[in-house]
Amino acid sequence: MKLLFTPKLRFLIISLNLLAISAFAQKQSVKGTIKDKVTGELLPGVTVLIENTQLATQTDFDGNFELKNITEGTYNIVVKLISYKQLVIKNYTVNANSTPISVDLESDVKELTGFDVTATRVTNTEKAVMMEIKSAEQVVSGVSSQQIAKTQDRSASDVIKRVPGVSIIDGRFVMVRGLSERYNAVLLNGVLTPSSEADRKSFSFDIIPSGALDRLLIYKTGAPELPGEFAGGVIKVYTKNTSDNNSLSVALSNSFRVGTTGNDFYYNQKYASDILGFGFKNRALPYGFPNSLNNVKDETKLEEFAKKLPNNWTSQVKTAAPDQRLNAMFTKTIKGRRITANNTSSINYSNTNESVEMKNYNYNAYDLVEKSSDTIYNYTDNRYTNQVRFGALHNWAFIIDSRNKIEFKNIFNQIASDQSILRTGENFEEGFDVQNYAYRYTNRTIYNGQLNGNHEFNGGNSTLNWATAFSKAWGKEPDFKRLRTVRNIGTDDAYKVIIAPGASTLDAGRFYSQLNEKVITASTDYEQKISLKNSEIVPKLRAGFYVEKKDRDFSARWMSYGKSVRFNESILEQPLEQLFSSENINATNGFTVKEGTNPSDSYTAANMLTAAYVGTSIPFSEKINLSGGVRIENNIQKLKSNSYTGKPIGVYNPIFRVLPSLNFAYNFNEKNLVRLAYAQTLNRPEFRELAPFSYYDFSTNTVLYGNNDLKTPTIHNIDARYEIYPSASEMISVGMFYKKFINPIEMFFVPGTGSGGTRNFTFGNAEQATSIGAELEVRKSLVNLSENKFIQNFSVVANASYIVSEVKLGTNAVGQNPNRPMMGQSPYIINTGLYFDDADNKIQFNILYNVIGKRLYAVGTVGNPDIYEMPRNIVDLNVSKGFGKHFEVKLGVQDLFNQATSFIQDSDANGKLNSNDEQIMKYKVGQYVTLGVNYKL
């Protein structure tokens, strides 16, 4: 044993231990705090790195950072954040006695002699949105324009589906937590939006281009200051904020859609004004056309008016060109002696084509013995859609000082859709082969102008925000034409046009409608911080009001060609381009025109909402915060129309509600918190749901009309969520929610109506419904998981929702499945994205995935089973590369797998979809490839 501990060996052991201790001691940490130089505000999400190494980190929500495992020595430390000037601390010595770093970052604004520099808060970065989510008193999810820019999303409807628990219907209507669009409130820059849709209680998100968005937030729990009419979420859409930089950017792109671009594209008559989406003027009824043909008793005059209608019942063909898009954005700062004015203006334009082959089926009642249903019809619809969008954004901010700002925001959008449907197939119930045609042009216009102010008093302890706004929406559908031609099944006979004995919307019919809606709003929000002696706790008191006056006028008119008394049947054998020519229109042996407009085809409506609230936010300690209050809403809804027979219908619907809400947050520490919330909300019927107006949809062969006896649903909402913030740009959250609906409104089949496979729908109240769900969201950067710089450039965004709902119909369950989910409810929603961002080489890449579970598309009744929309896996790929200071090239592929959109009916009514159930509709839209160039000055 003595040999083991010789003096030399002992010296060697001691030396090795001292060397190990010395090596360990040489690994040090650098700590520090980053603030805004002008405002003194602590800055989260600032990148701090050691130059020429892989060591990097970011500041937390309090502006603090720590760089670990640094070998002692002298380094250059780089500090950088978007919209701030990069700062380099040169020759900083790292050792055991290193002094903590305190840095004041300067806003990246060029100073002008003789002028004051006024800083504005950055709101559109991922870190800024994450900060807003964390500091919110409610459960909030959101997406920033910085994240939007990494995708090829073209409109707000594309963007919002990236948010947890959100899915899209018909490409533009938002569902939150699986609840239909009627259960969501939409605020555009803080003001409730009008609807440009005649048949929807919803804001159409496709009217806002993604490039105009600053950020998009969804509040999933209630608060006194939020609207009381929601159950899914309050969606706050913010357009581009003012910028401190003078800039001009122009983006051009061309897109190729597989199955459309380069192929034959069929269309109805075109006009020069279509290029900007104003073609409704050319398709309107001729000048001097009478208000009703029923009032024209002179047959000569009637013939004269009929000949004025354009003979445009055929389609033309061209080769579909690539889709074209243009976006230009301009920002300008004008500095005065007392006021700084910031302007952000943009214009956007797109002209796109889409051709789709749709399989369309309908069936008779399910045969329990044969385990199948007889087919009513089997159609193939070739649908060709050209869409033109033109929009403009013009925003001003007048910054008086750091505590007073007035903004004037304007957004205008014009969207026109020109659609042709060419239908072929067999109608087995009627015994015909069919060749049918539908030509539809729709126009939607929306303008929103806002003037608002933000003011702070008493050293920032008092804040006053006010807003006034005017919104106008127009919806026009001029000359929607539908025509059927048939022949006996299995023959080579010529197709003959069907002319109905009376006026018809389906057979040689022409339909015209217009919707005008204007909304005037005013609101004020006041908050007062209360300072307590010898305490760092600062409670807040809040109060405010909201007033909204909404007026809508809707009118529809339709007519069709009919046979005169001694009609010449040989006319029906003429080609379509000659059939309705002037030569064939007369009161003796040709066509005449019959008015079909009913008293129920128009309505006027008004809504007056007056709301006031009081609330408080009480931080009982650094860890506990309780907020809540009461919102009072008084709403008076009016509608005037007539029944089909002309009987006056009047709706006077005063609704007064007291809506309490409560939000509780417990912060375990800086990075972990839990939220609990309760809110009572409501869901008022929409004008369209009350109006008796009946509308026929050629594409789906359905008829929809309203119900003026609808009740107003009440909703109880409970939420719980646990949130983890590893860094300023990262979040992990898991949450659960429960909702109970009393008298929920749903759309359902009307039993015993329709013929030839036509389905009739209306609206009604169920007794009650429940919705229970869980949500998971992850936003994680790989910067701290590896020292490899390539891996550090990756980040992951993923969210998923699982939802179970059940409707109790009570006495209304006539012929319906009593155990079904709520209409439009998806049992699960999954969104994931893998992002790569190499700022040094200006390379970005991402792959995105989205899927929703099967959802109830149409509620069935006797002889009409429930119809479900099936899941579809959507994968998008995007890559961009910057060149120099000004150029960027983007390449994207959307819907890579091009899976079919499919609707299946539960034929055997067992609540499950299996081999016995049958296809109702199926189609593919094709992969979409976009190549774009962005130039920025």
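The model shown is predicted, which means the values in this text are computed figures rather than measured ones.

Student: Give me the overall build of the chain: which residues, what numbers.
Tutor: Regarding its fold elements, the chain presents nine helices and 48 strands. Expressed as a percentage of the 937 residues in the chain, the buried residues total 54%. Pairs at least 24 residues apart make up 71% of the contacts formed inside the chain by residues separated by at least 6 positions. When the accessible surface of the chain is split by element, carbon and sulfur atoms take 56% of a total near 40800 Å².

Student: Which residues make up the nonpolar core, and what are the values?
Tutor: Ranked by size, the top nonpolar core spans 34 residues in total, and within it Phe511, Tyr603, Leu639 and Tyr923 carry the most contacts. Of all the secondary-structure elements, those providing two or more residues to this core are β19 (340-367), β25 (509-529), β26 (540-563), β28 (602-619), α8 (687-690), β36 (745-749), β37 (759-765) and β47 (918-923). It is β19 that contributes the most residues to this core, four residues altogether. What Phe511 contacts, discounting residues up to four positions off in sequence, is Glu477, Pro478, Asp479, Phe480, Arg482, Ala556, Arg557, Trp558, Phe693 and Tyr695.

Student: Give me the confidence of the model for the chain: which residues, what numbers.
Tutor: Put simply, the chain has an average pLDDT of 84, and 86% of its residues get 70 or more. Segment residues 1-5 is flagged for pLDDT under 50; beyond a separation of four residues in sequence, or across chains, it makes two contacts in the model. In this model, residues 18-25 is a region of pLDDT below 50 whose contacts with residues beyond four sequence positions or in other chains number one contact.

Student: Hey, could you go over the environment of Ser144 for me, with residue numbers and the actual values?
Tutor: With respect to the secondary-structure elements, Ser144 resides in strand β8 (residues 140-144). With relative accessibility at 1%, the residue Ser144 sits in the buried group. Along the chain, Ser144 and Arg215 lie 71 residues apart, while their C-alpha atoms are 4.4 Å from each other.

Student: Could you give me a rundown of unusual backbone geometry, with the residues and numbers involved?
Tutor: Backbone geometry places Ala508, a non-glycine residue, at a positive phi of 50°. With respect to the helices, strands and loops of the structure, Ala508 is situated in the loop between β24 (496-497) and β25.

Student: Please give an account of the pattern of salt bridges that cites residues and values.
Tutor: As enumerated under the stated definition, the model contains 34 salt bridges in all. One salt bridge connects Glu229 with Arg684, and the closest N-O pair in it is separated by 2.9 Å. Placement of the pair is Glu229 in the loop between β13 (213-219) and β14 (233-239) and Arg684 in the loop between β31 (672-682) and α8, with a sequence separation of 455 residues. Of the charged contacts in the structure, one is a salt bridge between Glu633 and Arg684, with a shortest N-O distance of 2.5 Å. Residue Glu633 is located in strand β29 (residues 624-642), and its partner Arg684 is located in the loop between β31 and α8; the two are separated by 51 residues in the primary sequence. Arg684 shares its class with Glu633; the two are buried. The structure contains a network of salt bridges with shared partners spanning Glu229, Arg631, Glu633 and Arg684.

Student: Can you tell me about helix α6 (residues 299-308), naming the residues and giving the values?
Tutor: Among all positions of α6, only Leu302, Phe305 and Ala306 are buried. Projected onto a plane normal to the axis of α6, the buried residues spread over an arc of 100° and lie on a single side. Of the surrounding secondary structure, the elements contacted by the buried residues of α6 are β26 and β27 (591-595). For α6, the N-terminal cap is Asp298; the gap from its side-chain oxygen to the backbone nitrogen of Thr300 is 2.9 Å.

Student: Give me the packing of aromatic side chains: which residues, what numbers.
Tutor: Within this structure, the stated rule accounts for 22 aromatic pairs. For the pair Tyr561 and Phe591, a centre-to-centre distance of 6.3 Å together with 70° between the ring planes defines the contact as edge-to-face. Residue Tyr561 is located in strand β26, and its partner Phe591 is located in strand β27; the two are separated by 30 residues in the primary sequence. These aromatic residues form a ring-pair network of at least three members: Trp313, Tyr561, Phe567, Phe580 and Phe591. Sitting above the plane of the Tyr238 ring, Arg215 keeps its charged end 3.8 Å from the centroid. In this structure, Lys236 is placed above the aromatic ring of Tyr219, and the distance from its NZ or CZ to the ring centre is 4.6 Å.

Student: Go over the sheet that holds strand β4 (residues 64-71) with me, naming the residues and quoting the values.
Tutor: The sheet built from three strands is open, its strands ordered β4-β1-β7 with mixed pairing. Unpaired on one side and paired on the other, β4 and β7 (101-105) mark the two borders of the sheet. Mean inter-strand twist for the sheet, computed between neighbouring axes without regard to direction, equals 30°.

Student: Tell me what's going on with the pairing of strand β41 (residues 843-852), and back it up with residues and numbers.
Tutor: Note that strand β40 (residues 828-838) and β41 share ten bridges and pair antiparallel. Directly across from Gly833, in β41, lies its bridge partner Leu848. Between β40 and β41, which pair antiparallel in sequence order, lie four residues; one of them, Lys842, sits at a positive phi of approximately 55°. Direction of pairing for β41 relative to strand β44 (residues 874-883): antiparallel, over a ladder of eight bridges. Residue pairing for β44: Ile843 is matched across the bridge by Lys881.

Student: Quick one: what's the story with the side chain of Asp479, residue by residue and with numbers?
Tutor: Tracing the sequence through the fold places Asp479 in strand β23 (residues 462-488). What makes Asp479 buried here is its relative accessible area of 5%. Within the structure, the side chain of Asp479 is placed 3.3 Å from the side chain of Tyr512, a separation counted as a polar contact. Among residues more than four places away in sequence, those in contact with Asp479 are Arg283, Pro310, Asn312, Tyr439, Arg510, Phe511 and Tyr512.

Student: Quick one: what's the story with the sheet that holds β36, residue by residue and with numbers?
Tutor: The strand order β32-β33-β37-β36 describes an open sheet built from four strands, whose pairing is mixed. The open sheet has two edge strands with one neighbour each: β32 (694-697) and β36. On average, adjacent strands in this sheet sit at an angle of 25° to one another, irrespective of strand direction. Here β32 pairs with strand β33 (residues 702-705) via four bridges, running antiparallel. Bridging across to β33, Tyr695 finds its partner in Leu704.

Student: Which residues make up the environment of Asp418, and what values do they have?
Tutor: As for its position among the elements, Asp418 is in strand β21 (residues 404-427). Those residues in contact with Asp418 that lie beyond four places of it in its chain are Lys270, Arg283, Tyr384, Thr385, Asn386, Arg440 and Tyr441.

Rules of the game
- Counting starts from 1 at the beginning of each chain's written sequence and moves along it residue by residue.
- Given that the model is predicted, a residue must reach a pLDDT of at least 70 before its local features are reported, and side-chain atom pairs must reach 80 or more before they are shown or counted; all residues, however, enter totals for whole chains, interfaces and linings.
- To obtain the side-chain values, all non-hydrogen atoms of the structure were used and water was disregarded.
- Numbering goes from the N terminus for both helices and strands, where a helix is a DSSP run of H or I of at least four residues and a strand is a run of E of at least two.
- Per-residue accessibility, obtained with a 1.4 Å probe over protein chains only, is compared with the maximum for each type, and a residue is labelled buried under 20%, exposed over 50%, and partly exposed between these values.
- Should any heavy atoms of two residues lie within 4.5 Å, those residues are considered in contact.
- Computed with a 1.4 Å probe, the accessible areas rest on the Shrake-Rupley method; for each residue, only the protein chains presented here act as cover.
- The set of buried Ala, Val, Leu, Ile, Met, Phe, Trp, Tyr and Cys residues whose side-chain atoms join them within 4.5 Å is what this entry labels a nonpolar core.
- pLDDT: the predictor's confidence for each residue, scored from 0 to 100.
- A pairing counts as a salt bridge when a side-chain nitrogen of Lys or Arg comes within 4 Å of a carboxyl oxygen of Asp or Glu.
- It is the directions from the helix axis to the C-beta atoms whose arc is reported.
- Pairing of N or O atoms within 3.5 Å defines a polar contact, subject to two protein rules: one partner must be a possible hydrogen donor and the other a possible acceptor, and residues neighboring in sequence count only if both atoms are side-chain atoms.
- Here the aromatic set is Phe, Tyr and Trp, taking the six-membered ring for Trp, and pairing holds for ring centres within 6.5 Å; pairs whose planes are under 30 degrees apart are stacked, those over 60 apart are edge-to-face, and all others are tilted.
- Whether a charge lies above a ring is judged from NZ of Lys or CZ of Arg, which has to be within 6 Å of the ring centre and within 35 degrees of the ring normal.
- Any two strands between which DSSP finds at least two bridges are classified as paired.
- In this description, a line fitted to the C-alpha atoms serves as the axis of each element, helices being fitted only across the stretch in contact, and the angle between N-to-C directions of two axes falls anywhere from 0 to 180 degrees.

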